[in-house]
Amino acid sequence: MRELTVRGLGSLDVSGVNKRLIKALKDSSPEVRRVAITSLIQSGGECKISHILPLLDDESEKVRNATVSLMLKFDADKVVSPLIDALDDDSVLVRLNIVEALGQLGGKSVVSALINIVNTGDGPVRVAAVKELGYLGDTSAVDSLQKLVEHEEEQLRDSVEEALDRIENTSH
């Protein structure tokens, strides 16, 4: 029932709705918290970064993922550092979402964090970091990417080649 109420609040344009949605961010139900985040995103509702940062450590993977999406509404200077810190999340899906969000935000600290993932990470998060570096087009990633050109994982090799092509085309 609380979930339906919170879902409905997100579609209303009424004074005080944001306060109720922000209060729902602390609800005992992970689904209510997730729906509150989604409603804030959909409604364009205003909230402070201090309301959502604790949700990056939520017990629910769905809440953490939704939080990453909500963080994209804020200025990069307010969210990049907490997102980078959250790259140690236990969930591969959350880490993938964070890498994609960081790619959208850009900046020198993002490029450094993504290069670190390329150098030390593995699996799909590493592939995602390679792709985001390609989209960002920052030449400082070239050395780390070139080390993976002949990697044994085909998907990683293909992503590296594509990223290097993008960077080359961006820098010219």
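Residues numbered from 1 in each chain as written. Predicted model: local features only at pLDDT ≥ 70, side-chain atom pairs only at ≥ 80, totals over all residues. Heavy atoms only, no water.

1. Focus: the overall build of the chain
- Within the chain, the regular secondary structure consists of 11 helices and zero strands.
- For the chain, the N- to C-terminal ordering of α and β elements is α-α-α-α-α-α-α-α-α-α-α.
- Taken along its principal axes, the extent of the C-alpha atoms in the chain is 55 × 30 × 20 Å.
- Within the span of the chain, comprising 172 residues, buried residues form 47% of the whole.
- Roughly 9,500 Å² of accessible area belongs to the chain as shown, and the carbon and sulfur atoms make up 46% of that amount. (Helix = DSSP H or I, 4+ residues; strand = E, 2+ residues; numbered from the N terminus. Buried < 20%, exposed > 50% of the residue type's maximum accessible area, 1.4 Å probe, protein only. Areas by Shrake-Rupley, 256 points an atom, 1.4 Å probe, with all protein chains shown as cover.)

2. Let's talk about helix H6 (residues 76-85)
- For H6, the full list of buried residues reads Val79, Val80, Pro82 and Leu83.
- At its buried positions, H6 is contacted by helix H4 (49-52), helix H5 (61-71), helix H7 (92-105) and helix H8 (108-120). (Contact = heavy atoms within 4.5 Å.)

3. Overview of empty space enclosed by the protein
- The tally for this structure, following the rule as stated, stands at one cavity of 30 Å³ or more.
- By volume, the largest cavity is sized at about 30 Å³.
- If you go around the largest cavity, the residues you meet are Lys131, Gly134, Tyr135, Ser159, Glu162, Ala163 and Arg166.
- Looking at the lining of the largest cavity, the element that brings in the most residues is helix H11 (residues 154-171), giving four residues.
- Each residue belonging to the lining of the largest cavity can be placed in one class, and the counts come to two nonpolar, two polar and three charged. (1 Å grid on protein atoms, 1.4 Å probe; cavity = no way out; pocket = protein on both sides within 12 Å on 5 of 7 lines; lining within 4 Å. Points joined across faces, edges and corners; volume = space filled by probe spheres on them. Nonpolar A, V, L, I, M, F, W, Y, C, P; charged D, E, K, R; others polar.)

4. What about the pattern of salt bridges?
- Counting across every chain of the model gives four salt bridges.
- For the salt bridge of Arg33 with Asp58, the shortest nitrogen-to-oxygen distance reads 2.8 Å. Here Asp58 lies in the loop between H4 and H5 and Arg33 lies in helix H3 (residues 30-43), a separation of 25 residues in the sequence.
- You can call Arg33 buried: its relative accessible area is 7%.
- What makes Asp58 buried here is its relative accessible area of 10%.
- Note that Asp89 and Arg64 form a salt bridge whose closest N and O atoms lie 2.7 Å from each other. (Salt bridge = Lys/Arg side-chain N within 4 Å of Asp/Glu carboxyl O.)

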